[in-house]
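What follows is each chain in one-letter form.
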Amino acid sequence: MQSLSKSAEPAQAGQRPASASAPRSAQGAIRGSAAYRRITLALFCSGFATFSLLYCVQPLLPEFAREFNVGAAGASLALSLSTALLALSIALAGIVSERYGRKELMFASMAVAACCNLLAAVAPSWHMILAARALEGFALGGVPAVAMAYLSEEIDHSGLGFSMGLYVSGNAFGGMMGRVAMSMLAESFGWRSAMLAIGALDLALAVAFVLLLPASRNFVRNGVLKMRDHLALWRGHFAHGRLPLVFGIGALAMGIFATSYNYAGFRLMGAPFSLSATATGLIFSAYIFGIVSSSWAGALADRFGRAPLVAAGIGISCLGLLLTCSSVLGLVIAGIVCLTIGFFTTHSAASSWVGRMAVTGKGHAASLYLLAYYLGGSILGSVGGWFWEHSGWNAVAGFMLLQALAAGWLARRLWRQGSN
């Protein structure tokens, strides 16, 4: 926990807070207080807005391919460029927030990204859409880079886990609704109108966020760390014997997940299934299984260790890959569910490994994990399009299987080194 700002005066021993509606101490907002409710609701809004903006184009990839005469890999750039720029901006956003504040940066990120989504909706050419989406991804980096730091500073430790869980659930719910709502709206009103609606909604959520979120009380602007200090911390994490292996697992897990969701729409909307855009989008409600599995995976990791949970997640993903190769729709849907559960299980266990392994500079270690995570989804998710265009779904599944085997090999190395 960082030092208190001058405006945050600690209460004297045994003295009750002046306001019963907002009992905030030097340790942060207490669960049940008005301040706590405002913070958790505001951060839920930020998570929903961030990931609904990021993933709203995923169900539109087949439509982009048809309208702009680009292949599946080319269409995937509408998402991959956003995630790649998001990955690069996360580290920079963390540095900026240390100097200029948490709340201000998160609001600016949400508002600019929503405006970029509005621009993408009216852009007349494919290249202008890609440019707007790239800027949108770069802007969004300010939210995940800062939100967890804000919560850890402003929420009392006794209620931190619950508030963090609500923030993560906002992320997952936003990702799911961005896909599902976009599919339904695009089929009824066209994809441009659907993107305008998502952008307008999330711009409104940005305004609600800045009105709800209390100003930081336990944050002190830090202008002491120079760029060379940040670089030294990042180099130290790369030199760590085990952390780079965890970064690799995160990249590969996200690569599998992004590839499966990017091209499942092409498969389901084509023969032999020929589903509508709305039906395909509803199948992506399988994301709800990820929301549930990520919570119990964290608890099981605390009990049995991270390595067994990563191995289990990879195994479930492999089962999902096999099921998606079936020509029976029910089995394909079951495969998507397994892929979703496997991804969230692996990611939940791997991301919690980072904080346990990093002795110093935990925030920098987390930023490197997120960098690998989003770059993996961006690069591997686009490469999967080449396999789809040349050999169909079975080749895509084979490509994902190679990633799963590589992640399993990294997890085995960590397990043999005694990491748990």
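Chains are numbered independently. Their residues run from 1 in the order of the written sequence. Residues qualify for local features only when their pLDDT is at least 70, as the model is predicted, and side-chain atom pairs are given and counted only at 80 or more; totals for whole chains, interfaces and linings, by contrast, use all residues. Heavy atoms throughout the structure, all of them, feed into the side-chain values; hydrogens and water do not.

## Side note on the overall build of the protein
Then, in step 1: Numbered from the N terminus, helices here are DSSP runs of H or I no shorter than four residues, and strands are runs of E no shorter than two. Helix and strand counts for the protein stand at 17 helices and two strands.
Then, in step 2: Residues counted as buried form 54% of the 420 residues belonging to the protein.
Then, in step 3: Contact definition: two residues touch when any of their heavy atoms are within 4.5 Å. Restricting to contacts in the protein with at least 6 residues of sequence separation, those with at least 24 account for 82%.
Then, in step 4: With an accessible surface of roughly 17,100 Å², the protein has 68% of that area assigned to carbon and sulfur atoms. Think of it in three bands: with a 1.4 Å probe and only protein chains considered, a residue is buried below 20% of the maximum accessible area for its type, exposed above 50%, and partly exposed in between. Reported accessibility uses the Shrake-Rupley method at a 1.4 Å probe radius. Residues are deemed covered only where the shown protein chains occlude them.

## Concerning the packing of aromatic side chains
Then, in step 1: Aromatic rings from Phe, Tyr and Trp, with only the six-membered ring used for Trp, were paired whenever their centres fell within 6.5 Å, and each pair was classed as stacked if the ring planes differed by under 30 degrees, edge-to-face if by over 60, and tilted otherwise. A complete count under the given rule lists 23 aromatic pairs for this structure.
Then, in step 2: An aromatic cluster is present here, built from F257, Y261, Y287, F343, F344, Y369, Y373 and Y374 joined pairwise through their rings.
Then, in step 3: Only lysine NZ and arginine CZ atoms are considered, and such an atom sits over a ring when it is within 6 Å of the ring centre and within 35 degrees of the ring normal. The cationic tip of R179 hangs over the ring face of Y55; the distance from NZ or CZ to the ring centre is 4.4 Å.

## Focus on the side chain of T345
Then, in step 1: With respect to the element layout, T345 can be found in helix 15 (residues 329–357).
Then, in step 2: The buried category is assigned to T345, whose relative accessible area is 1%.
Then, in step 3: Pairs of N or O atoms are called polar contacts if they sit within 3.5 Å, as long as, within protein, a hydrogen donor faces a hydrogen acceptor (for residues adjacent in sequence, only side-chain-to-side-chain pairs). Among the polar contacts made by the side chain of T345, one reaches the main-chain carbonyl oxygen of I341 at a distance of 2.8 Å.

## Regarding helix 14 (residues 306–324)
Note that an α-helix has 3.6 residues per turn; residues three or four places apart therefore point the same way.
Then, in step 1: A helix's residues, less one, multiplied by 1.5 Å, set its expected span. Helix length check: helix 14, at 19 residues, gives a terminal C-alpha distance of 27 Å against a target of 27 Å (1.5 Å per residue), a fit within 8%.
Then, in step 2: Of all the positions in helix 14, only R306, A307, L309, V310, G313, I314, S317, C318, G320, L321 and T324 are classed as buried.

## What to know about the packing of helix 1 (residues 34–55) against helix 7 (residues 144–154)
Then, in step 1: The interhelical angle for the contact between helix 1 and helix 7, taken along N-to-C directions, is 170 degrees, at an axis separation of 11 Å. On the basis of their axis angle, the class for helix 1 and helix 7 is roughly antiparallel. Residue-level inspection shows I39, L43 and T50 of helix 1 in contact with helix 7, the latter providing P144, A147, Y150, L151 and E154.
Then, in step 2: Think of it as three bins: nonpolar holds Ala, Val, Leu, Ile, Met, Phe, Trp, Tyr, Cys and Pro, charged holds Asp, Glu, Lys and Arg, and polar takes everything else, Gly as well. By residue class, the composition of the contact of helix 1 with helix 7 is six nonpolar, one polar and one charged. Where helices are involved, their axes are fitted lines through C-alpha atoms of the stretch in contact, as for all axes, and angles between N-to-C directions lie from 0 to 180°. We call two directions roughly parallel when the angle between them is under 35 degrees, roughly antiparallel when it is over 145, roughly perpendicular when it lies between 65 and 115, and oblique otherwise.

## Things to note about the confidence of the model for the protein
Then, in step 1: Within a predicted model, pLDDT stands for the predictor's per-residue confidence, ranging from 0 to 100. Model confidence for the protein is summarised by a mean pLDDT of 85, while 87% of its residues fall at 70 or above.
Then, in step 2: Within the model, pLDDT remains below 50 along residues 1–26, and this stretch shows 45 contacts once partners closer than five positions in the same chain are excluded.

## A short note on the nonpolar core
Then, in step 1: Residues enter a nonpolar core if they are buried and are Ala, Val, Leu, Ile, Met, Phe, Trp, Tyr or Cys, with the set joined through side-chain atoms within 4.5 Å. Counting 101 residues, the largest nonpolar core has F64, M195 and Y374 as the members making the most contacts within it.
Then, in step 2: It is helix 11 (residues 243–269) that contributes the most residues to this core, 16 residues altogether.

## A look at the packing of helix 5 (residues 102–122) against helix 9 (residues 191–212)
Then, in step 1: Relative orientation of the contacting elements helix 5 and helix 9 amounts to 165 degrees, with a least axis distance of 8 Å. Judged on the interaxial angle alone, helix 9 and helix 5 are roughly antiparallel. Note that helix 5 runs across helix 9; the crossing there is left-handed.
Then, in step 2: In the contact of helix 5 with helix 9, the residues fall into 21 nonpolar, two polar and three charged. Left-handed describes a crossing whose near helix is turned anticlockwise from the far helix through less than a right angle; right-handed describes the clockwise counterpart.

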